[in-house]
Amino acid sequence: MRTLLILGASGDLTGRLLLPGLARLIRMRRGDGLTLVGAGSDDWTDAHWRERIDGAFASAMEKADDAGRAALQDVRDRSSYHFLDVTKDGLADLVHTLEGPVAVYFALPPAVSQLACSALGPNSLPKSTRLVMEKPFGTDQASAHRLNEKLARLVPEQNIHRVDHFLGKATVFNILGLRFANRILEPVWNNLHIEKVEVIFDEDLALENRARYYDGAGALRDMIQSHLVHVMALLALNAPSTLHERDLRDHIGSILRASTVDLDSPASSRRARYTAGTIGDRPIPDYTAEPGVDPSKNTETLAEVTVSINNERWSGVPFILRSGKALGAKRKEAVITFRPVSHLPLGFTGQDAPTKLRIGFGPDTLQLELDVNGPGDIFSLDRATLSADLNETDLLPYGEVLDGVLAGDPTLSVRGDTAEDCWRIVEPVLKAWAEDRVPLEEYPAGSAGPEDWPSSHGRV
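Everything quoted here is computed from the prediction, not taken from an experiment.

(A) How the structure looks around the overall build of the chain. Of the regular secondary structure elements, the chain holds 12 helices and 18 strands. With the C-alpha coordinates of the chain rotated into their principal frame, the extents come out at 80 × 50 × 45 Å. When each of the 460 residues of the chain is scored for burial, the buried share is 52%. Relative to all contacts within the chain whose residues are 6 or more apart in sequence, the contacts with residues 24 or more apart total 77%. For the chain, the computed accessible surface area is about 20,200 Å², with 50% contributed by carbon and sulfur atoms.

As structure tokens, this is what we get:
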């Protein structure tokens, strides 16, 4: 890849995530020869754009060796900015002036990205061009399908990178090594031995001035549909023959096609919204009082769904996906709860608790909770936790994503059919919520969530 063109170069995503991720990539000499070009609707000069690059590259510059600093400086000095309405014909003209192959990164709101794709038009781009799309990919299954058709008229599927930065987290892909390289786990990774699987992403951040996007999305669309469903698939998939993108993404697709939410099952979905409270020493206003929020939208800030994977390995095992904002403690982990032993000899005392495997997504940890003989009375059961820190990559999540884009490897991107299936899984829930068939509950900011939710107390 010779040129990375960022559309929306003056926006928050570019400054906060894309450029720092790119800087680490370049620092590690994995972006040699790259030309960085920015384009946006803000009337910036090249000098203004380079000031933004300087700020985003500063941390990488401090940690780089001489060769890394030289590489960062070279990309910075050769970079340029174009004042451009990306929804007009000028976008295709700009791409044609750049040294190819070109990766076009749409760091734009979804509606603007779709307009930009329409402006490009069929057969307007060189075949080597790669298109990089941010989530959310569409707003439902039908719109995702239309967007897929539009993109397919521009470039081949292999050249479309639908970004899920969660898949850039080394910990998430550590799941594959943990599962398939350890004899002790793979034989018991099924419904005969596992009672339930939870994927939890609770944040202690509130809205943080993101009402323009979040109030139209909510926790289910923003986190569960976009990210946690994929983590679920990695936890559940059968072993692929290789880690080649086709093998791996075929197996992810197979799991998602088998996944549904049974709305007839009690508590198959829950939703709630935070009210005023305190997180640490920060006072948090009621969600409906946050600037830019429309209370009539009934946007949820905490969502939970129970997914069934209808195949031989997982039939009968609930996969509980939960994510929310303004909660009292950050909890970012997958929890695998094993079934009780078939027979516990009489004579043991104390609590017989289920074996649990916890995979933490920040910090990156692994914990195995076991029952062992306790102190004092040797027949009394006590809890022991075996802990390990998982290896982290030197790249930031967006650095991992960009590495795949520049190398032409779509392993960390979402395939078109998968993007549509993620919407198919959650659409019945969204419809039930829109029809008020599931109550919108409340919880104080800084709490663990609604009191009557088992997951608010660490159990389901």
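(B) Highlighting a nonpolar patch on the surface. Taken together, Val341, Leu344, Phe348, Ile378 and Phe379 make up a surface patch of nonpolar side chains, about 450 Å² in accessible area. With respect to the helices and strands, Val341 occurs in the loop between strand 14 (331-338) and strand 15 (356-361).

(C) Structural detail: the pattern of salt bridges. Enumeration according to the criterion identifies 29 salt bridges in this entry. Two residues, Arg78 and Asp74, come together in a salt bridge whose shortest N-O distance is 3.1 Å. A residue pair is termed a helical-turn pair when its members lie 3 or 4 positions apart in one helix, as Arg78 and Asp74 do in helix 3 (residues 66-78) at four residues. Note that Arg383 is salt-bridged to Glu369, the shortest N-O span being 3.5 Å. In this pair, Arg383 is assigned in strand 17 (residues 381-389) and Glu369 in strand 16 (residues 364-373), connecting sequence segments 14 residues apart. By relative accessible area, which is 30% here, Arg383 ends up partly exposed. One network of salt bridges, with partners in common, ties together Arg331, Glu333, Arg358, Glu369, Asp371 and Arg383.

(D) Broad picture of the UniProt feature "active site" (unreviewed entry) in the chain. Taking the UniProt record as the reference, the feature "active site" (unreviewed entry) is found at His227. Note that His227 resides in helix 9 (residues 218-236).

(E) Spatial organisation of the layout of surface pockets. By volume, the second largest pocket is sized at about 410 Å³. What lines the second largest pocket is a set of 18 residues, and nearest its centre among them are Ile184, Leu185, Phe338, Thr355 and Leu368. It is strand 16 that provides the largest number of residues to the lining of the second largest pocket, a total of four residues. Class assignment for the residues of the lining of the second largest pocket results in 13 nonpolar, four polar and one charged.

(F) Examining the domain arrangement of the chain more closely. Partitioning the chain into domains gives domain 1 (3-163) and domain 2 (169-396 + 416-456). Using C-alpha coordinates to define each centre, domain 1 is positioned 32 Å away from domain 2. Tallying the contact residues gives 20 residues for domain 1 and 16 residues for domain 2. The contact between domain 1 and domain 2 buries some 1,600 Å² in all, and 53% of this surface belongs to carbon and sulfur atoms. Sorting the residues of domain 1 by area buried against domain 2 places Arg24, Lys135 and Gln141 first, and these three jointly supply 35% of that buried surface. For Asp222, the salt bridge identified is with Lys135, shortest N-O distance 2.8 Å. Across the contact surface, domain 1 and domain 2 share eight residue pairs in polar contact (both at pLDDT 80 or more). At five residues, helix 6 (residues 141-152) tops the list of elements feeding residues into the side of domain 1 that touches domain 2. Per-class residue counts for the side of domain 1 that touches domain 2 are seven nonpolar, seven polar and six charged.

Parameters and conventions
- All residue numbers here refer to positions counted from 1 along the written sequence of the relevant chain.
- Reporting in this predicted model follows two pLDDT cut-offs: at least 70 for local features of residues, and 80 or more for side-chain atom pairs to be given and counted; totals over whole chains, interfaces and linings ignore these cut-offs and use all residues.
- Hydrogens and water molecules were not included; the side-chain quantities draw on all heavy atoms of the structure.
- Runs of H or I in DSSP of at least four residues are treated as helices and runs of E of at least two as strands, each being numbered from the N terminus.
- Working definition: with a 1.4 Å probe on protein chains only, accessible area under 20% of the residue-type maximum means buried, over 50% means exposed, and in between means partly exposed.
- Two residues qualify as a contact provided that any one of their heavy atoms is within 4.5 Å of a heavy atom in the partner residue.
- All accessible areas in this document rest on Shrake-Rupley with a 1.4 Å probe, and a residue is counted as covered only by the protein chains that are shown.
- Only residues whose relative accessible area exceeds 30% and that form no salt bridge enter a patch; like-charged residues are grouped when within 9 Å of one another, and nonpolar side chains (Val, Leu, Ile, Met, Phe, Trp, Tyr) when within 5 Å.
- Here, a salt bridge means any side-chain nitrogen of Lys or Arg that lies within 4 Å of a carboxyl oxygen of Asp or Glu.
- UniProt positions are given in the numbering used here, feature names are shortened, and annotations may be inferred rather than shown by experiment.
- Put plainly, a pocket is an open set of points on a 1 Å grid over the protein atoms alone with protein on both sides within 12 Å along at least five of seven lines, a cavity is a set where a 1.4 Å probe fits but cannot get out, and a lining residue has an atom within 4 Å of a point.
- Grid points are joined across faces, edges and corners, and a volume is the space filled by probe spheres set on the points.
- All residues other than Ala, Val, Leu, Ile, Met, Phe, Trp, Tyr, Cys, Pro, Asp, Glu, Lys and Arg, Gly among them, are scored as polar; the first ten of these are nonpolar and the last four charged.
- For every domain, the bounds stem from an assignment made automatically or drawn from a database.
- Two parts placed together each lose some accessible area; with a 1.4 Å probe, that loss summed over both constitutes the buried area.
- In protein, a polar contact means a hydrogen-donor-capable atom and an acceptor-capable atom, both N or O and within 3.5 Å, with residues adjacent in sequence counting only if both atoms are side-chain atoms; elsewhere, any N or O pair within 3.5 Å suffices.

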